[in-house]
Amino acid sequence: DHHWFPLQTDHGDDPAYDRSIATAQLDLAALQFARGKSKESKEIAQSAAELFGKLAEVPAPQRHAYDPLLRAAALTRVAVVERDEDIEKALATHRVAAEIMKELAQTKPANMVPADIYHHQARCRLEQALSMARVPKRRENAEKNLTAAAKQWQDLSKNYARVPQYRASQAQAELALGQLRAEDK
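Presented here is a report on the structure given in the accompanying data block. Every value quoted in this text rests on a predicted model; they were computed, and no experiment measured them.

**A closer look at the side chain of glutamate 127**
(1) Moving on: Within the secondary structure, glutamate 127 sits in helix α6 (residues 114-132).
(2) Moving on: If sequence neighbours within four positions are ignored, glutamate 127 has contacts with Thr76, Val80, Arg83 and His94.

Set out below in structure tokens:
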């Protein structure tokens, strides 16, 4: 039972409500996944991705620069669950998220912190690589994505030494890279 549904119908045309709901859903999806509730995590993340997608269509003054980034994060969360259900569907979802992040990294929109873009792009690459690694013909691309993600977090940790999450994420990417290489020996 999703408690936010009444909020979606009671707020009129103000997209800030949908943005708040989508952000809460993204957080809840991560929690549900951590609790082992993959089905619920996927459903909630899909709802968040849809809401963030709708927010891209609101008039420019009502948009928020982070909506596409958070949509990509929600799609990545969906793909993480999909990789255990249907790897090709997961890879397709990853591609959509990766394209969003690629565009953000290239355009560097105003009102966005570049480090946020690079961190989320690296997370997207890491999760996409973990899915690619399950497909023999895509393992080489998985290695490239893991290397790129680790490098991106290494650069972030150099520039933002007080953000331990970047070092932890770099370690996660390097561990996955080492595991991939060990499996291929």
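**Brief notes about the packing of helix α4 (residues 67-82) against α6**
(1) Moving on: Running from N to C, α4 and α6 point in directions that differ by 20°, and their axes come no closer than 10 Å. As summarised for this structure, α4 and α6 are arranged roughly parallel, according to the angle between their axes. α6 is crossed by α4, and the crossing has left-handed handedness. Together, Leu69, Ala73, Thr76, Ala79 and Val80 of α4 and Asp116, Ile117, His120, Cys124, Glu127 and Ser131 of α6 make up the contact between the two elements.
(2) Moving on: Of the residues that constitute the contact of α4 with α6, the class distribution is 6 nonpolar, 3 polar and 2 charged.

**Things to note about the environment of alanine 148**
(1) Moving on: Position of alanine 148 relative to the elements: it lies in helix α7 (residues 139-159).
(2) Moving on: C-alpha of alanine 148 to C-alpha of glutamine 121: the two residues are 27 residues apart in sequence and 9.9 Å apart in space.

**Topic: helix α2 (residues 15-34)**
(1) Moving on: With 20 residues, α2 extends 29 Å from end C-alpha to end C-alpha; this agrees with the ideal 28 Å at 1.5 Å per step.
(2) Moving on: The opening residue of α2 is aspartate 14, an N-cap whose side-chain oxygen sits 3.0 Å from the backbone nitrogen of alanine 16.

**Focus: the pattern of salt bridges**
(1) Moving on: Counted according to the given criterion, the structure contains 12 salt bridges.
(2) Moving on: A salt bridge links lysine 39 to glutamate 43; the nearest nitrogen and oxygen atoms lie 3.9 Å apart. One end of the pair, lysine 39, and the other, glutamate 43, are both in helix α3 (residues 38-55), 4 residues apart, so they sit about a helical turn from each other.
(3) Moving on: Between arginine 139 and aspartate 184 there is a salt bridge, and its shortest N-O distance comes to 2.8 Å. Linking arginine 139 in helix α7 with aspartate 184 in the segment after α8 (164-183), this pair joins segments that are 45 residues apart in sequence.
(4) Moving on: Residue arginine 139 is classed as buried on the basis of its relative accessible area of 15%.
(5) Moving on: Overall, aspartate 184 belongs to the partly exposed group, its relative accessible area being 45%.
(6) Moving on: Each member of the salt-bridge network shares a partner with another, and the members are Arg83, Arg123 and Glu127.

**Re the layout of surface pockets**
(1) Moving on: Each pocket or cavity is described by its volume, and for the largest pocket that value is around 410 Å³.
(2) Moving on: Every element with two or more residues in the lining of the largest pocket is listed here: α2, α4 and α6.
(3) Moving on: With 7 residues, α4 is the largest single contributor of residues to the lining of the largest pocket.
(4) Moving on: A per-class count over the lining of the largest pocket returns 10 nonpolar, 5 polar and 5 charged.
(5) Moving on: Volume-wise, the second largest pocket comes out at about 270 Å³.
(6) Moving on: Across the lining of the second largest pocket, the residue classes tally to 4 nonpolar, 4 polar and 5 charged.

Calculation rules
- Residues numbered from 1 in each chain as written.
- Predicted model: local features only at pLDDT ≥ 70, side-chain atom pairs only at ≥ 80, totals over all residues.
- Heavy atoms only, no water.
- Helix = DSSP H or I, 4+ residues; strand = E, 2+ residues; numbered from the N terminus.
- Contact = heavy atoms within 4.5 Å.
- Axes fitted to C-alpha atoms, helices over the stretch in contact; angles between N-to-C directions.
- Parallel < 35°, antiparallel > 145°, perpendicular 65-115°, else oblique.
- Left-handed = near helix turned anticlockwise from the far one by under 90°.
- Nonpolar A, V, L, I, M, F, W, Y, C, P; charged D, E, K, R; others polar.
- Expected span 1.5 Å × (residues − 1).
- Polar contact = N/O pair within 3.5 Å; in protein donor to acceptor, adjacent residues only side chain to side chain.
- Salt bridge = Lys/Arg side-chain N within 4 Å of Asp/Glu carboxyl O.
- Buried < 20%, exposed > 50% of the residue type's maximum accessible area, 1.4 Å probe, protein only.
- 1 Å grid on protein atoms, 1.4 Å probe; cavity = no way out; pocket = protein on both sides within 12 Å on 5 of 7 lines; lining within 4 Å.
- Points joined across faces, edges and corners; volume = space filled by probe spheres on them.

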